[in-house]
Amino acid sequence: MSVSEEAVRVAPETDQTDEPGWEVDPDDDWALAVVATVGRQLRLRREAAGLRVGDFAVAAGYGADLVYKIETGKRIPRPEYLDKADEVLDAGGLIAAMREDVKKVRYPKKVRDLAQLEGRAVELQLYDPLNIHGLLQTPDYARGLLLMRRPAYLAEEVERFISARVARKAVFDKDSAPDLSFVLEEWTLRRPLGGRARLRQQLEHLLELGQLRNVELQVMPMDHEEHAGLAGGIEVLKFEDGSMVERSQAVANGRPVTEPRQLRILELRYGIIRTQALTPRETASFIEQLLGET
């Protein structure tokens, strides 16, 4: 009997094959390769243990269809699935050790690509006109924002996005952390999205980050009559070799750009935004004032 025939024969009990966030993006070649390799290793170890799909599914407490999809690279295994498989197959931690490989492919490709660029950059200049930038958000504040989305995200999707944002924060913890410049809109610091308690924690977090030597925070006040950032957010990433990558919804629909003319436009625009915003010292005083009002 083939693996697929076994899967059909055994009725799934705790199958989660339709749960969003754990499917493999068909356009993500690297994720496909990782998940296929992990699935192949799981199948080989199961067969070496003399277990059929159905037998393993019962022992592990998962549906047989889910086991089949994971072993054939069509489904990203959860960390707890790998832990259970390690236990059932007596793998001595070798299967559980694959959690780190799987963890990386859980994040969308565009998030991984952005995190990789941020990890290489020696300087980041970031402006978000709609929200406190994701790199600055506390996990709880990010959760509050994500829960407001309509149509609503499923709980699993919310946690996936939060995990991706937290992973990107590694840029602050590097031995040679890059210089980071952020311009924040005043209204994003005033509106208590997700509740005032979340906002207070977020403002306190901003004050802490603003004390880091490599981080500059600037607020664009709502009463300023000039504003060069009305065309949309800007991300400028500079690298050690002098090259740059920039993104803005106003240019190339938000796709990364490296064309010199477009780079000059976005860098000039970001520079003007910074001159129009409060200085870092004024910003710290402004956030402290907001904290007292919140």
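A. Molecular detail of the overall build of the protein. Assigned secondary structure in the protein consists of 13 helices and 5 strands. Taken along the three principal axes of its C-alpha coordinates, the protein extends 75 × 45 × 35 Å. Looking at the 294 residues of the protein, the share that counts as buried comes to 44%. For the protein, the share of sequence-separated contacts (at least 6 apart) that also reach a separation of at least 24 residues comes to 72%.

B. How the structure looks around the pairing of strand 5 (residues 244-247). As defined by bridge partners, strand 4 (residues 234-238) adjoins strand 5 across 4 bridges and the pair is classed as antiparallel. Looking at the pairing, L237 lines up with V245 of strand 5. Taken together, strand 4 and the strand that follows it, strand 5, pair antiparallel across an intervening segment of 5 residues, in which G242 is found at a positive phi of about 90°.

C. Seen up close, the nonpolar core. L136, F172, F182, L189 and L206 are the most contacted members of the largest nonpolar core, which totals 31 residues. Elements represented by at least two residues in this core include exactly strand 1 (123-128), helix 8 (139-147), strand 2 (179-185), helix 11 (196-210), strand 3 (215-220) and helix 13 (280-293). For this core, the element with the highest residue contribution is helix 11, accounting for 5 residues. Setting aside chain neighbours within four positions, we find F182 in contact with L126, H133, L135, L136, F172, V215, E216, L217, Q218 and Y270.

D. Helix 13, seen in detail. Its 14 residues place the ends of helix 13 20 Å apart at the C-alpha level, agreeing with the 20 Å of an ideal helix rising 1.5 Å per residue. Within the sequence span of helix 13, burial applies to T283, F286, I287, L290 and L291. Down the axis of helix 13, the sector holding all buried residues measures 140°, keeping them to one side. Opposite the buried face of helix 13, by more than 90 degrees, sit the exposed residues R281 and G292.

E. A negative patch on the surface, seen in detail. A grouping of E23, D25, D27 and D29 is seen on the molecular surface, where their side chains present a negatively charged patch. Structurally, the position occupied by D25 is in the loop between helix 1 (3-9) and helix 2 (29-48). With a relative accessible area of 37%, D25 lands in the partly exposed category.

F. View of helix 11. With 15 residues, helix 11 extends 21 Å between its outermost C-alpha atoms, agreeing within 8% with the 21 Å of an ideal straight helix rising 1.5 Å per residue. Among all positions in helix 11, only R198, L199, Q202, L203, L206, L207 and L209 are buried.

G. View of the sheet that holds strand 5. Strand order in the open sheet made by the 5 strands is 3-2-1-4-5, with mixed pairing throughout. Two strands lie at the open edges of the sheet, namely strand 3 and strand 5, each paired on one side alone. Strand-to-strand, the axes of this sheet are offset by a mean angle of 10°, without reference to chain direction. Contacting strand 1, strand 2, strand 3, strand 4 and strand 5, helix 12 (residues 260-276) runs over the sheet at an angle of about 70° to strand 5.

H. Fine view of the packing of aromatic side chains. All chains considered together, the criterion is met by 3 aromatic pairs. Taken together through their ring pairs, the aromatic side chains of F56, Y62 and Y81 make up a single cluster. The side chain of R120 reaches across the aromatic face of F239, ending 4.3 Å from its centre. In this structure, R149 is placed above the aromatic ring of Y153, and the distance from its NZ or CZ to the ring centre is 4.3 Å.

I. The arrangement of the side chain of E118 in detail. Position of E118 relative to the elements: it lies in helix 7 (residues 109-120). Apart from the residues lying within four places of it in its own chain, the contact partners of E118 are L124, L135, R168, V171 and L237.

J. Molecular detail of the confidence of the model for the protein. Confidence in the prediction of the protein, expressed as mean pLDDT, is 87, and 90% of residues score 70 or more. With pLDDT under 50 throughout, residues 1-15 is counted as low confidence; its partners more than four residues away or in other chains account for 24 contacts.

K. Representation of the packing of helix 2 against helix 6 (residues 99-106) within the structure. Look at helix 2 against helix 6: their axes get within 10 Å of each other, and the N-to-C directions meet at 150°. The angle between helix 2 and helix 6 places the two elements in the roughly antiparallel class. The element helix 2 and its partner helix 6 pack so that their crossing is left-handed. Taken together, the residues of helix 6 that come into contact with helix 2 (itself represented by W30, A31, V34, V35 and V38) are D101, V102, K104 and V105.

L. How the structure looks around the environment of L266. Within the secondary structure layout, L266 lies in helix 12. Look at L266 and you get buried, because its relative accessible area is 0%. In sequence terms L266 and P139 are 127 residues apart; their C-alpha atoms lie 29 Å from each other. Setting aside its immediate chain neighbours within four residues, L266 contacts I234, E246, R247, S248, V251 and V257.

Scoring rules and cut-offs
- Residues numbered from 1 in each chain as written.
- Predicted model: local features only at pLDDT ≥ 70, side-chain atom pairs only at ≥ 80, totals over all residues.
- Heavy atoms only, no water.
- Helix = DSSP H or I, 4+ residues; strand = E, 2+ residues; numbered from the N terminus.
- Buried < 20%, exposed > 50% of the residue type's maximum accessible area, 1.4 Å probe, protein only.
- Contact = heavy atoms within 4.5 Å.
- Pairing = 2+ DSSP bridges.
- Core = buried A, V, L, I, M, F, W, Y, C linked by side-chain atoms within 4.5 Å.
- Expected span 1.5 Å × (residues − 1).
- Arc of directions from axis to C-beta.
- Patch = residues over 30% accessible without salt bridge, like charges linked within 9 Å, V, L, I, M, F, W, Y side chains within 5 Å.
- Areas by Shrake-Rupley, 256 points an atom, 1.4 Å probe, with all protein chains shown as cover.
- Salt bridge = Lys/Arg side-chain N within 4 Å of Asp/Glu carboxyl O.
- Lys, Arg positive; Asp, Glu negative; His and termini not counted.
- Charge placed at Lys NZ, Arg CZ, Asp CG, Glu CD.
- Axes fitted to C-alpha atoms, helices over the stretch in contact; angles between N-to-C directions.
- Phe/Tyr/Trp six-rings, centres within 6.5 Å; stacked < 30°, edge-to-face > 60°.
- Lys NZ or Arg CZ within 6 Å of the ring centre and 35° of its normal.
- pLDDT = per-residue confidence, 0-100.
- Parallel < 35°, antiparallel > 145°, perpendicular 65-115°, else oblique.
- Left-handed = near helix turned anticlockwise from the far one by under 90°.

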